[in-house]
Amino acid sequence: MRAGLIFLMVGLAQPGAAQSPNTSETGNVAEQRETSDMGSEEGFANWLTGFRPRALEAGIAPEVLERALADVRFDPKILERDRNQSEFTKTIWDYLDTAVSADRITHGKAALARHDAVLRRIEAEFGVDRHVVAAIWGLESAYGSFRGDTPTIGALATLAYDGRRAAFFEEQLIAALRIVANGDVRPEAMRGSWAGAMGHTQFMPTSWWGHAVDFDGDGKRDVWGDDPTDALASAAAYLRHWGWTTGAVWGLEVRLPEGFDYDQTTERVRKPVADWAALGVVPMAGGDLPDHGLASVLLPGGARGAAFLIFSNFQVIERYNTADAYVIAVGHLADRLRGGPAIVADWPRDLRALTRDERIELQERLGAAGFDPKGVDGRIGPNTIAAVKAFQRANGMRPDGYASLEILNRLR
Ligand code: CA
């Protein structure tokens, strides 16, 4: 999966964490200035004229700048994709069907075998489970198969010119020019997603500067080429930087007892594992709950879907992409690559995802009914979930916080 496809389920995403290495947070930025102006060649050329002195001011050498910008052109298709991304939504079960498909598991096991030595070295060096590194690789670029073929500098220039998130993308563009100036990659070879995420593990340029490593020792931090060594090590370095706990799982599927208090099912409630065990939470696979410190119970598909007990490594994967569905997909794919079982619980497959307009309407109606979602942005985050729970409780419904069409219809 190329980065950017995760936008298909922004309805599940929470407000973005800063410094994600891929594009997810850019889709979660609140400043969504609605405009039908898709720009023009002429406007782009004018923007470039204005950008050049800013790039020089930022320390980009004139010859580097001219070479890097020589073939840059305005790409309206990028703006179309950027405009449309938030309109589509997938439910977590539809997303997981694709993200952790039989093919992705098979290809992942093959990739793990093919790169066994380097992945084990990365695991030893950074303390990050190689199956998790492989799972991120699998989701970001289908193990390097879909790294994206869009010239990064052109994509970032188009998005910076567009103006909706100009400051963010201009910062990324300057960082990309610095990478070229540094000699790690030729500008022609610097390619990736339409949103500027690059290579095997879809790093944005500023994340490349912060976390990319030269793991094969050739003097370049090459996340773009066919050899994934540097990119995989860079992903591990990124997770380590954000506090990966060596030897701990991300989470696991659990079974909740009858009558479980749904006020407890939120990332905001953290308890010692012994407390969860005392409440009757048990691993779906049997045995005792593992103890990796404070844990939360998550019901990403509501009370009729699977339940997970999640640990601090869940929050570390969130640094890659804040969508619960993405984090669960990475964790579950890693488990499957290790030979672990499929998710056991059913999902409420009769429910469809709310559209962006419906999510906005839901938030507006929750607020009007006295259940403040603390903002109307079309994204179902912790505040909206809390408001849904309050509404459910007030109306004698099971308060699982799942923002379904049924809730919206009740509010109507
Ligand atoms: Ca290298």
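Note that the coordinates shown come from a computational prediction; the quantities given were computed from them, not determined experimentally.

S.K.: What should I look at first to understand the coordination of the calcium ion in this one?
M.R.: Geometry sets the ideal angles at a metal, namely 109.5 degrees for four tetrahedral donors and 90 or 180 degrees for six octahedral donors. Within the protein, Asp-214 (OD), Asp-216 (OD), Asp-218 (OD), Lys-220 (O), Asp-230 (OD) and Asp-230 (OD) serve as the donor atoms for the calcium ion, at 2.1 to 3.1 Å. Considering all six donor atoms around the calcium ion, the spread of angles at the metal, 45 to 162 degrees, places the coordination shape in the irregular class. Mapping the donors of the calcium ion onto the primary sequence gives the spacing D-x1-D-x1-D-x1-K-x9-D.

S.K.: How should I be thinking about unusual backbone geometry in this particular structure?
M.R.: Most peptide bonds adopt trans geometry, and most residues besides glycine take a negative phi value. Residue Tyr-143 is not a glycine yet carries a positive backbone phi of 60 degrees. The topology assignment puts Tyr-143 in the loop between helix H8 (130-141) and strand E1 (150-151). Since its relative accessible area comes to 8%, Tyr-143 is described here as buried. With a phi close to 55 degrees, Lys-374 is a non-glycine residue in the positive phi region. Within the fold, Lys-374 resides in the loop between helix H16 (356-368) and helix H17 (382-394).

S.K.: Sorry if this is basic, but what is going on with the nonpolar core here?
M.R.: The nonpolar side chains of soluble globular proteins are, as a tendency, buried together. One finds Leu-239 and Tyr-326 to be the most contacted residues of the largest nonpolar core, which totals 54 residues. Top element by residues in this core is helix H15 (residues 324-337). It accounts for nine residues. In terms of nonpolar packing, the next biggest core, distinct from the first, is built from 40 residues, Leu-48, Val-64, Leu-177 and Met-198 among them.

S.K.: Quick question: what am I supposed to make of the side chain of Arg-130 here?
M.R.: Relative to the helices and strands, Arg-130 resides in helix H8. Apart from the residues within four sequence positions on either side, Arg-130 is in contact with Leu-112, Asp-116, Leu-119, Arg-120 and Glu-123.

S.K.: Please clarify how the pairing of strand E6 (residues 307-310) should be interpreted in this entry.
M.R.: When a strand is regular, its side chains alternate between the sheet's two faces. The two faces of E6 match: Ala-307 and Leu-309 on one face and Phe-308 and Ile-310 on the other face are all buried. Pairing of strand E3 (residues 251-255) with E6, which is carried by four bridges, proceeds in the antiparallel orientation. If you follow Val-254 over to E6, its bridge partner there is Ala-307. Relative to E6, strand E5 (residues 296-298) is paired through three bridges, and the arrangement is antiparallel. Considered in E6, the bridge of Val-297 is made with Leu-309.

S.K.: Explanation requested: the packing of aromatic side chains in the structure shown.
M.R.: Using the criterion set out here, one finds 20 aromatic pairs in the structure. Between the aromatic rings of Phe-44 and Phe-74, the centroid separation amounts to 5.7 Å while the plane-to-plane angle is 35 degrees, which identifies the pairing as tilted. Here the residue Phe-44 occupies a position in helix H2 (residues 41-57), and Phe-74 occupies one in the loop between helix H3 (62-69) and helix H4 (76-84), the gap between them amounting to 30 residues. Owing to a relative accessible area of 3%, Phe-44 belongs among the buried residues under this scheme. A ring pair is formed by Trp-250 and Phe-308, whose centres lie 5.8 Å apart and whose planes are at 45 degrees; its orientation type is tilted. Note that Trp-250 is positioned in the loop between helix H12 (229-241) and E3 and Phe-308 in strand E6, a separation of 58 residues in sequence.

S.K.: It is not clear to me how helix H9 (residues 152-162) should be interpreted in this structure. Could you clarify?
M.R.: Given 3.6 residues to a turn, an α-helix orients residues that are three or four positions apart in the same direction. Counting buried residues in H9 gives eleven out of eleven residues, a clear majority hidden from the surface. Along H9, the residues classified as buried are Thr-152, Ile-153, Gly-154, Ala-155, Leu-156, Ala-157, Thr-158, Leu-159, Ala-160, Tyr-161 and Asp-162. Where H9 terminates, the next one or two residues include Gly-163, which has phi positive at roughly 95 degrees.

S.K.: I'm lost on the layout of surface pockets in this one. Help?
M.R.: Over the atoms, a rolled probe matching the size of one water molecule traces out where space is still vacant. Of the volumes computed, that of the largest pocket is approximately 510 Å³. Around the largest pocket, the lining is made up of 30 residues, and of these Pro-300, Ile-380, Ile-385, Gly-401 and Tyr-402 lie nearest the centre. For the lining of the largest pocket, the secondary-structure elements that each account for two or more residues are H15 and H17. Ranked by residues supplied to the lining of the largest pocket, first place goes to H17 with four residues. Tallied by class, residues from the lining of the largest pocket come to 14 nonpolar, seven polar and nine charged.

S.K.: It is not clear to me how the environment of Asp-377 should be interpreted in this structure. Could you clarify?
M.R.: One can find Asp-377 in the loop between H16 and H17. Taking the C-alpha atoms as reference points, Asp-377 and Asn-313, separated by 64 residues in sequence, lie 28 Å from one another. If we ignore the near neighbours within four places in the chain, the residues touching Asp-377 are Arg-356, Ile-360 and Gln-363. Among the polar contacts listed, one links the side chain of Asp-377 to the backbone nitrogen of Arg-379, at a separation of 2.9 Å.

S.K.: I'm lost on the sheet that holds strand E4 (residues 282-283) in this one. Help?
M.R.: Sheet strands pair via backbone hydrogen bonds, and the direction of the pair is either parallel or antiparallel. With antiparallel pairing, four strands are arranged side by side in an open sheet as E4-E3-E6-E5. On the outer flanks of this sheet lie E4 and E5, each paired with one strand and no other.

Criteria and thresholds
Residues numbered from 1 in each chain as written. Predicted model: local features only at pLDDT ≥ 70, side-chain atom pairs only at ≥ 80, totals over all residues. Heavy atoms only, no water. Donors = N, O, S within 2.8 Å, 3.2 Å for Na, K, Ca; no water. Tetrahedral: all angles 85-135°; square planar, octahedral: opposite > 155°, others 65-115°. Helix = DSSP H or I, 4+ residues; strand = E, 2+ residues; numbered from the N terminus. Buried < 20%, exposed > 50% of the residue type's maximum accessible area, 1.4 Å probe, protein only. Core = buried A, V, L, I, M, F, W, Y, C linked by side-chain atoms within 4.5 Å. Contact = heavy atoms within 4.5 Å. Pairing = 2+ DSSP bridges. Phe/Tyr/Trp six-rings, centres within 6.5 Å; stacked < 30°, edge-to-face > 60°. 1 Å grid on protein atoms, 1.4 Å probe; cavity = no way out; pocket = protein on both sides within 12 Å on 5 of 7 lines; lining within 4 Å. Points joined across faces, edges and corners; volume = space filled by probe spheres on them. Nonpolar A, V, L, I, M, F, W, Y, C, P; charged D, E, K, R; others polar. Polar contact = N/O pair within 3.5 Å; in protein donor to acceptor, adjacent residues only side chain to side chain.

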